[in-house]
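Analysis of the macromolecular model
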Amino acid sequence: MPIVSASREPVPGFSFAEERFLDLGYRVIDEAAAYLSEIADRPVWQPMPAEVRAAIRNQGLPEGGRPFEETLACLRELILPYAQGNGHPRFAGWINSAPAHASILLKPLAAAMNPNCGIGEHAGQELERRAVQWIMDLCGFPVDGSAGVFVSGGSEANFTCLQAARFWAAREAGWDIRKRGVQNVGRPLVLYQSDQGHFSIRKAVEAMGLGSEAIHLVPSTASFQMDVDQLARRIEEDRRAGLHPFCVAATAGTVETGAIDPLERLADLCDEQGLWLHVDGAYGAFGRLDQRIAPLYSGIERAHSLATDQHKWLSVPIDCGCALVRDGKVLHETFRLTHAGPEEEEHEAWMSEYTLQRTRRFRALDVWSVVRTAGRSGLASAISNNIEMARFFAHLIHAEPALELVSAGPLSIVRFRYAPATLRDEPRLLDRLNRILVREIQQRGGAFFTSTRFLGRETMRACLVNYMTNKADIRIMIEEIRHAIEALALPME
Ligand SMILES: Cc1ncc(COP(=O)(O)O)c(C=O)c1O
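Below is a short write-up of the structure. Keep in mind it's a predicted model, so treat the numbers as computed, not measured.

**Quick look at the site of the ligand**
Near the ligand lie 15 residues; those nearest to it are Gly154, Ser155, Asp280, Asp309 and His311. At 3.1 Å, a side-chain N or O of Lys312 approaches an oxygen atom of the ligand. Across the complex, the protein chains shield 84% of the 390 Å² of accessible surface that the ligand would expose by itself. Of all the secondary structure elements, the ones that give two or more residues to the shell around the ligand are α6 (154-172) and α11 (310-313). The biggest single contributor to the shell around the ligand is α6, with three residues. Of the residues that constitute the shell around the ligand, the class distribution is four nonpolar, eight polar and three charged.

Here you go:
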């Protein structure tokens, strides 16, 4: 007799009868549709009132199961109104994009299937193999012979790639790092990063047991790109000092200004010196889809590894990054089971053999659905539009007497600060006012920027990665800055 779930009684607390499942499902989808359609009319962000925070924190653990309707009501009241704000077209904080609708809609199916995309032979793993190749293609990374895997984000993508780099470097020097580790073996490994590189590289190096002193910071040029001449000198010095330079961690789209390191020159130097070239493209790798700036990425195809983040500029819901390695065998050797039995030897590599995680969620479905629905051209036009909007924003900032444009381009990050002529001689006061101002803007709810120190000064930073943001939004963002200055009774010039 066939066993069909319709013939099974629901298991209280775990499954619903089909009719109820449908009814609740429609309610959830109504809720999601309302959330998305109203998003642009709501505050970008609003602080959580103390009573809401307390209600969340003080919830008792239910001893008996509660009706799903009650859970939905709680969500509506306590959670949905206090979202982070990404998704709103005037949210420009950190690098958090809006989720593309195609992948939102498929979430229930991914959860219904709930495959472990780390092991076994099934469509989930097969789809990942292909979706990863699409990511290579979009970024201009060679597909043949390469391997890649979806991970939680840019940090883990960097970590995964750098582990492959370390494995490779040790093997070149004749030692098996998986077996002998990093303790007292060989000369100390050294990795290079520019002073604009992301701190996730540092975290990865620390987690790999190399110690953060293994990172040698290379100064950047006036355009915030790694200074290749200084890098070359440093490598020579380090070799003379008995160290083992093994990797250059370049960036294609720095978190600070969106600068893209000179990849072609770095690839030449790495070839010459026998170093692994890693590119952190967590923010910027997909910027290459904009034909106007694509030449800046020349050389990316020569990188040994590339970290990308689909949950940034590809509008895939959080979380999803991707680690790509040019020599796929190296990635496999870095993570495959060291004591593989006959079962592992017989089948094509499972995705868990390319990463630390064994049980893995169905990230490929998110990526596949977004790329399929937007297509290369749709992705490119959303990204170009963001770059265009960033240029427009920078142009308006430049025209504001109270504001100073600190950096703009080549991607979609604009840095600026409040610095009216009357206060320019008071750097500490300006630092404080910039911090207060950004908070005021956030709390007003009309726009959202973040503030960070840059070049020794407090600045505000807008990163435009939302496919909806248009010129009207940009104008409102500027107005919001003006209103906040007025509300704080600060000088306008
Ligand atoms: C250049 C760069 N690398 C790495 C990361 C880390 O990515 P994630 O936050 O997805 O871990 C970021 C995040 O902003 C980034 O901009």
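**Focus on the sheet that holds strand β5 (residues 276-281)**
Ordered by their spatial adjacency, seven strands build an open sheet running β1-β7-β6-β5-β4-β2-β3, and the pairing between neighbours is mixed. The outermost strands of the open sheet, each flanked by one partner alone, are β1 (147-151) and β3 (215-218). Taken pair by pair, the neighbouring strands of this sheet meet at an average axis angle of 20°, ignoring direction.

**Regarding the sheet that holds strand β10 (residues 450-454)**
On the basis of which strands lie adjacent, the open sheet formed by four strands has the order β8-β9-β11-β10 and antiparallel pairing. The outermost strands of the open sheet, each flanked by one partner alone, are β8 (403-408) and β10. Neighbour-to-neighbour, the strand axes of the sheet open up by a mean angle of 35°, direction not taken into account. Sitting on the sheet, helix α14 (residues 363-399) touches β8, β9 (413-418) and β11 (457-463), and the angle it makes with β8 is about 150°.

**A few points about the nonpolar core**
Ranked by internal contacts, the top residues of the largest apolar core, which has 62 residues, are Ile135, Phe150, Leu231, Val248, Leu277, Val279 and Phe286. Listing elements by their share of this core, those giving two or more residues are α5 (123-139), β2 (189-194), α9 (228-240), β4 (244-251), α10 (263-273), β5, β7 (321-325) and α14. When sequence neighbours within four positions are dropped, the list of residues in contact with Leu231 reads Tyr192, Val218, Met226, Val248, Leu266 and Leu269. Membership of the second largest hydrophobic core comes to 38 residues, among which are Ala147, Val149, Val151 and Leu162.

**Considerations on the side chain of Ser200**
Among the secondary structure elements, Ser200 is positioned in helix α8 (residues 199-207). Engagement of the side chain of Ser200 in a polar contact is seen with the side chain of Asn158, the distance being 3.1 Å. Polar side-chain contacts of Ser200 include one of 2.8 Å to the side chain of His198. Leaving out residues up to four positions away in the same chain, Ser200 has contacts with Ser155, Asn158 and Asp280.

**Things to note about a nonpolar patch on the surface**
A surface patch of nonpolar side chains, amounting to about 400 Å² of accessible area, comprises Leu22, Tyr26, Ile29 and Leu105. Ranked by residue count, the leading element in the nonpolar patch is helix α1 (residues 18-38), at three residues. As for its placement among the helices and strands, Tyr26 is situated in helix α1. Judged by its relative accessible area of 53%, Tyr26 is exposed.

About the thresholds
Residues numbered from 1 in each chain as written. Predicted model: local features only at pLDDT ≥ 70, side-chain atom pairs only at ≥ 80, totals over all residues. Heavy atoms only, no water. Near = heavy atom within 4 Å. Polar contact = N/O pair within 3.5 Å; in protein donor to acceptor, adjacent residues only side chain to side chain. Areas by Shrake-Rupley, 256 points an atom, 1.4 Å probe, with all protein chains shown as cover. Helix = DSSP H or I, 4+ residues; strand = E, 2+ residues; numbered from the N terminus. Nonpolar A, V, L, I, M, F, W, Y, C, P; charged D, E, K, R; others polar. Pairing = 2+ DSSP bridges. Axes fitted to C-alpha atoms, helices over the stretch in contact; angles between N-to-C directions. Contact = heavy atoms within 4.5 Å. Core = buried A, V, L, I, M, F, W, Y, C linked by side-chain atoms within 4.5 Å. Buried < 20%, exposed > 50% of the residue type's maximum accessible area, 1.4 Å probe, protein only. Patch = residues over 30% accessible without salt bridge, like charges linked within 9 Å, V, L, I, M, F, W, Y side chains within 5 Å. Salt bridge = Lys/Arg side-chain N within 4 Å of Asp/Glu carboxyl O.

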